Amino acid sequence: ADTKSQIMDAAELHFATYGFAGTTLRGIIKDAKVNVAAVAYHFGTKEELYAAVVERFATPVVSAQLTQLREVCAADTFTLE
């Protein structure tokens, strides 16, 4: 895996396990086996890394939901009442 993916994989595990507040960059760096400069280079801050992890996780979920919504609307079975 490339450095960016290693960081995101470790960060995803840490954020899921410890939450945002309980996650440290030091822990992510240790588990990703990278240096602090790599995190700063690819993501900047912990907040930006968190946003990237959430986006990576949420994008396929939202995409699938939009596909299902389009199918429902196209079938004309969707009403607001």
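Our structure's up above, just so we're on the same page.
Quantities reported herein were computed from a predicted structural model and do not represent experimental measurements.

**Quick notes on the overall build of the chain**
For step 1, the next point in the chain: Within the chain one finds 4 helices and 0 strands.
For step 2, the next point in the chain: For the chain, the N- to C-terminal ordering of α and β elements is α-α-α-α.
For step 3, the next point in the chain: Along the first, second and third principal axes, the C-alpha atoms of the chain reach 55 × 25 × 15 Å.
For step 4, the next point in the chain: Sequence separation of 24 or more characterises 62% of the internal contacts of the chain that already satisfy a separation of 6 or more.
For step 5, the next point in the chain: Split by element, the accessible area of the chain, about 5,900 Å² in all, is 59% carbon and sulfur.
For step 6, the next point in the chain: Side chains of the chain give 7 positive and 10 negative charges; the mean places of these two sets differ by 14 Å.

**Describing the packing of helix α1 (residues 3-22) against helix α2 (residues 25-32)**
For step 1, the next point in the chain: Taken N-terminus to C-terminus, the directions of α1 and α2 make an angle of 130 degrees; their axes are 8 Å apart at the nearest point. On the basis of their axis angle, the class for α1 and α2 is oblique. For the pair α1 and α2, the sense of crossing is right-handed. Touching Q6, I7, A10, A11, H14 and F15 of α1 are G27, I28, D31 and A32, all from α2.

**Some details on α2**
For step 1, the next point in the chain: The complete set of buried residues in α2 reads G27, I28, I29 and A32.
For step 2, the next point in the chain: Looking one or two residues beyond α2, the residue adopting positive phi is K33, at roughly 60 degrees.

**Focus: α1**
For step 1, the next point in the chain: In this model, α1 (20 residues) spans only 23 Å end to end at C-alpha, well below the 28 Å of a helix rising 1.5 Å per residue.
For step 2, the next point in the chain: Bending of α1 peaks at approximately 80 degrees at the position of A16.
For step 3, the next point in the chain: Within α1, burial applies to I7, M8, A10, A11, H14 and F15.
For step 4, the next point in the chain: Buried residues along α1 sit against α2, α3 (36-42) and α4 (46-74).

Scoring rules and cut-offs
Residues numbered from 1 in each chain as written. Predicted model: local features only at pLDDT ≥ 70, side-chain atom pairs only at ≥ 80, totals over all residues. Heavy atoms only, no water. Helix = DSSP H or I, 4+ residues; strand = E, 2+ residues; numbered from the N terminus. Contact = heavy atoms within 4.5 Å. Areas by Shrake-Rupley, 256 points an atom, 1.4 Å probe, with all protein chains shown as cover. Lys, Arg positive; Asp, Glu negative; His and termini not counted. Charge placed at Lys NZ, Arg CZ, Asp CG, Glu CD. Axes fitted to C-alpha atoms, helices over the stretch in contact; angles between N-to-C directions. Parallel < 35°, antiparallel > 145°, perpendicular 65-115°, else oblique. Left-handed = near helix turned anticlockwise from the far one by under 90°. Buried < 20%, exposed > 50% of the residue type's maximum accessible area, 1.4 Å probe, protein only. Expected span 1.5 Å × (residues − 1). Bend = angle between axes of the 7 residues up to and from the residue.

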